[in-house]
Structure formats: structure tokens, C-alpha cells
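Below, each chain spelled out in residue letters.
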Amino acid sequence: QAFCPQLDALIAGSKTIALPQPFKTQTDCTTALGLSGASSTHCAWAFDYRAEAAGEVFEALVQQVPACFSAAETARKDQDVNHPDFYDLRIFDTPLSEIGVSLKDKASLQKTYVFLSVTARS
């Protein structure tokens, strides 16, 4: 299934999404309510700790997300954090939502995660 229609469906309230080609791995997503009252959908893919594939998936999402919108939004990076593990977050502002793509190492779990989060604008 093409990635952009899935991302549109996620913004509209879907709870599943598959990674773009060639990865295709599907995941179920969860919804959280933020302090502002806005709900966000969070999707995660787990990899072995510092696996090369995690970086490849992160870069594929960073390229694919803005390609899904007619006006190519540029990502802004999150502020640096004092964290013992690696962390990178790119945030895309679109007309309908804010989309975050992040890569996080979790040494204590011996896992690296790629997260996709979507917060719809009201």
C-alpha cells in the first residue's frame, strides 16, 4: 500500500500504517491526549540496538513525509537534549497536522526505535 494515503488516513484517525517501500513493515498505533487537549497518534517500530536498518527507516520517513504534501514542508529539528542515548527528532508542520519522525536509542532495553507521531490541527 502506498505510504501517502496511509499517512492521510492516520491524520484522519486510522490506527495502522506501514513503512514506505521497500520496508513495508506495518504497525499498530496508539492515541494519547496532550495537555492542550489535542490528541496525537503514535506509531513505533523496534529494531536491535543501533541497527543500521533503524537509521535507514528514519531517513526514509524524513524523505517521504514531506513528499506526501503538495508544498514540501521543511523539517525543523527538536532542540538538543542532554540524554545518554542517541535521539533525533524532525518535525513537519503541514496544513492539517504536525508530524514528528524520531529515532531513539534505548540502551537499557537494547533497542532502537523509530517513531512517527501525528497531531491533527483543529
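Placed above this text is the structure.
All figures in this text were calculated on a predicted structure; none of them were measured in a lab.

What counts, and where the lines are drawn
Residues numbered from 1 in each chain as written. Predicted model: local features only at pLDDT ≥ 70, side-chain atom pairs only at ≥ 80, totals over all residues. Heavy atoms only, no water. Helix = DSSP H or I, 4+ residues; strand = E, 2+ residues; numbered from the N terminus. Buried < 20%, exposed > 50% of the residue type's maximum accessible area, 1.4 Å probe, protein only. Disulfide = S-S within 2.5 Å. Pairing = 2+ DSSP bridges. Expected span 1.5 Å × (residues − 1). Contact = heavy atoms within 4.5 Å. Phe/Tyr/Trp six-rings, centres within 6.5 Å; stacked < 30°, edge-to-face > 60°. Lys NZ or Arg CZ within 6 Å of the ring centre and 35° of its normal.

Caption draft 1: Unusual backbone geometry, seen in detail. In the segment running from Gln 21 into Pro 22, the intervening peptide bond is cis, with an omega of 5 degrees. Even without being glycine, Arg 50 reaches a positive phi, approximately 55 degrees. Examined against the element boundaries, Arg 50 turns out to sit in the loop between β3 (39-48) and α2 (52-67). Taking the relative accessible area as the measure of exposure, Arg 50 reaches 51% and is therefore exposed. Unlike most non-glycine residues, Gln 110 shows phi in positive territory, near 55 degrees. Here Gln 110 lies in the loop between β6 (97-106) and β7 (111-120).

Caption draft 2: Quick peek at the state of the cysteines. Counting across every chain of the model gives two disulfides. Two residues share a disulfide in this structure: Cys 4 and Cys 68, whose sulfurs sit 2.2 Å from each other. With the S-S dihedral at roughly -85 degrees, the linkage between Cys 4 and Cys 68 falls on the left-handed side. Of this pair, Cys 4 sits in helix α1 (residues 3-11) while Cys 68 sits in the loop between α2 and β4 (76-77), placing them 64 residues apart in sequence. Owing to a relative accessible area of 15%, Cys 68 belongs among the buried residues under this scheme.

Caption draft 3: View of the pairing of β6. In terms of burial, β6 is a largely internal element, seven of the ten residues being buried. Judged from the seven bridges that link them, strand β5 (residues 87-93) and β6 form a sheet pairing that is antiparallel. Across the sheet, Arg 90 pairs through a bridge with Val 101, a residue of β6. Between β5 and β6, which pair antiparallel and follow one another directly, the connecting turn spans three residues.

Caption draft 4: The arrangement of α2 in detail. The end-to-end C-alpha separation of α2 is 23 Å, in line with the 22 Å expected for 16 residues at 1.5 Å each. Looking at α2, one finds that the buried residues are Ala 54, Val 57, Phe 58, Ala 60, Leu 61, Val 62, Val 65 and Pro 66. Packing partners of the buried residues in α2 comprise α1, β3, β5, β6 and β7.

Caption draft 5: Main features of the packing of aromatic side chains. Taken as a whole and assessed by the stated rule, the structure comprises one aromatic pair. Ring geometry for Tyr 113 versus Phe 115: centroids 5.6 Å apart, planes at 20 degrees, classification stacked. A cation over a ring is seen here: Lys 104 above Phe 115, with NZ or CZ 5.1 Å from the ring centre.

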